[in-house]
Amino acid sequence: MSNGARYELGLLFAAGLGSALLIGLGLGWAEALLIALCPLLARHAWNLFRLARLIRRQHRLVPPFPSGIWGDIYRAIGQYQQRGRKGRKRQLRFFRRFREAANSVPDALVVLDKNRRIEWANPAAQVLMDVHWPRDDGRALSEVFEHPELSSYIVAGEYARPLEVAPAHNRSVMLSIRVAPFGERKKQRLVVGRDITKVFHLNLIRRDFVANASHELRTPLTVITGFLETLADSAQTPVGHRRPLNRMQHQAERMRSIIEDLLTLSRLEMDEQALEVHPVDVPEELEQIVADASALSGGRHQFQIKIDHDLMLLGKDSELRSAFSNILFNAVKHTPPGSHIRLSWSRTASGPVLTVADNGPGIAPKHIPRLTERFYRVDKARSRESGGTGLGLAIVKHVLSRHQARLVVASELGQGTEFSCHFPSEHALSAARLKHHRQANHLATAARAET
């Protein structure tokens, strides 16, 4: 039992003795008990009133405290107040450190509330995005940082890919905009703007160099190839020269393939989204690709094909054909004779999926993240022997990116490899819709011809 409780029991005992004394003096027991308890009740009422006033005025409860149980109550509340003050001080220190850290970050940071309005921004946002805080507090970000794609990008909620924009207030700067949901129920947004001007310009230089160099190499390579074919087919060419000429033709063909792939990559990098999209008869394309893969295999592989002939896709046929053929041809080139290759084109809950799987040697986990890099090879010697350029999966990655799709690679050493292309569900079309679309185009063409 605490000292305060003992003190209160002592007071009650004293009140009892006082009431007994008053009864002995001739007062009734009710009157005597009331007179004896009045000081106790008045004491409790005063301490309660005082405590309520101190709390209402937000005063600190400090010693000296009242005696008895009220002293314990005051002391406990004072300790809670002290803990609260320490917690607020810690939060204030943390907030100040966070503010200092955010202010020192070179990237623009903008916090949006659940209504997509500016709540806070760091100083870098003023330079990079022309967002001034607190001047722009409560304004919509699209009103301050004007860009036609920004508002739809934030509302769409698809933040896997950054948005690259040139701000209206400074066209010489290129920004990479990323958005991260946070807060209660992920309704708030943290917008991060990073200056990628140097990287962007370097990429432009690299693209221009690759495209120009590839174009310039095509003409001399065509001349060299033509002379090699003439010499190889000529009856006057000595027999001993034919083997070197054939090897030179093979290497020239490899160079031509590399140049064509580099040009394809350059064209794909010019824009992030596929242009002039239209319904693509994917089953028909896949049947032709499978026939070409069978010819490439020469009967050394076993194919298992499962195609949904009612599933079409909205996209660009030449790019999709390039991506699908690269994946299937890789399965043929990089698996030993006798391997099983499975191709599947089907509709799932998330959208259309193309899957190419084999039971070949598989790929070590350390190589998988780098498979889509230019010229990256898991086995360099085997890739050169098979005639690979090291650019096929880089092309696949860019094609899928332009179609808002993604590539998933699953592999295990000794168990085989599986490549899956996942397309958005809104890009799926049925054969009936494709037929209707073609009929509508035919009628429109006929109408234009008549006019």
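Below: a short report on this structure. In this text the structure is predicted, and so the values were computed from the model without any measurement. (Residues numbered from 1 in each chain as written. Predicted model: local features only at pLDDT ≥ 70, side-chain atom pairs only at ≥ 80, totals over all residues. Heavy atoms only, no water.)

### Looking at the nonpolar core
Core analysis: the largest hydrophobic core is formed by 39 residues, its most contacted members being Leu-286, Phe-324, Leu-328, Leu-343, Trp-345 and Phe-423. Element by element, the count of residues in this core is highest for helix 10 (residues 317–333), at seven residues. Here Trp-345 is in contact with Val-282, Pro-283, Leu-286, Lys-306, Ile-307, Asp-308, Leu-311, Leu-313, Pro-352, Val-353, Leu-354 and Phe-423, once residues within four sequence places are set aside. Core analysis: the second largest hydrophobic core is formed by 23 residues, Ile-154, Leu-163, Leu-175 and Val-179 among them. (Core = buried A, V, L, I, M, F, W, Y, C linked by side-chain atoms within 4.5 Å. Buried < 20%, exposed > 50% of the residue type's maximum accessible area, 1.4 Å probe, protein only. Helix = DSSP H or I, 4+ residues; strand = E, 2+ residues; numbered from the N terminus. Contact = heavy atoms within 4.5 Å.)

### Concerning the pattern of salt bridges
Per the stated rule, a full pass over the model turns up ten salt bridges. Between Asp-136 and Arg-135 there is a salt bridge; the shortest N-O distance is 3.1 Å. By relative accessible area, which is 55% here, Arg-135 ends up exposed. With a shortest N-O distance of 3.3 Å, Glu-418 and Arg-342 are connected by a salt bridge. Of this pair, Glu-418 sits in strand 12 (residues 416–422) while Arg-342 sits in strand 9 (residues 340–348), placing them 76 residues apart in sequence. Given the relative accessible area of 32%, Arg-342 is considered partly exposed. A cluster of three or more residues bridged by salt bridges with shared partners is formed by Arg-135, Asp-136, Arg-139 and Glu-143. (Salt bridge = Lys/Arg side-chain N within 4 Å of Asp/Glu carboxyl O.)

### Description of the sheet that holds strand 5 (residues 188–195)
Strands sit in the order 2-1-5-4-3 across an open sheet of five strands; the sheet is antiparallel. The sheet is open, and its two edges are formed by strand 2 (118–121) and strand 3 (163–165), each paired on a single side. On average, adjacent strands in this sheet sit at an angle of 25° to one another, irrespective of strand direction. Sheet topology note: the strand 1 (residues 108–112)/strand 2 ladder contains three bridges and is antiparallel. Bridge pairing in strand 2 places Leu-112 opposite Ile-118. (Pairing = 2+ DSSP bridges. Axes fitted to C-alpha atoms, helices over the stretch in contact; angles between N-to-C directions.)

### So, the environment of Glu-426
Looking at the element boundaries, Glu-426 is found in the loop between strand 12 and strand 13 (428–430). Residue Glu-426 is classed as exposed on the basis of its relative accessible area, which comes to 60%. Distance from Glu-426 to Glu-276, taken between C-alpha atoms, is 17 Å for residues 150 residues apart in sequence. Within the local environment of Glu-426, its side chain forms a polar contact with the side chain of Ser-425, the two groups lying 3.5 Å apart. (Polar contact = N/O pair within 3.5 Å; in protein donor to acceptor, adjacent residues only side chain to side chain.)

### What about the packing of aromatic side chains?
Per the counting criterion, the structure on display carries five aromatic pairs. Both rings, one in Trp-46 and one in Phe-49, keep their centres 6.3 Å apart while their planes meet at 35°; by these two values the pair is tilted. Taken together, the residues Trp-46 and Phe-49, both in helix 2 (residues 29–56) and three residues apart, mark about one turn of the helix. Residue class for Trp-46 comes out partly exposed when judged on its relative accessible area of 47%. With a relative accessible area of 47%, Phe-49 lands in the partly exposed category. Within the aromatic cluster, the residues linked to one another by ring pairs are Phe-324, Trp-345 and Phe-423. (Phe/Tyr/Trp six-rings, centres within 6.5 Å; stacked < 30°, edge-to-face > 60°.)

Read these as geometric descriptors, not functional statements.
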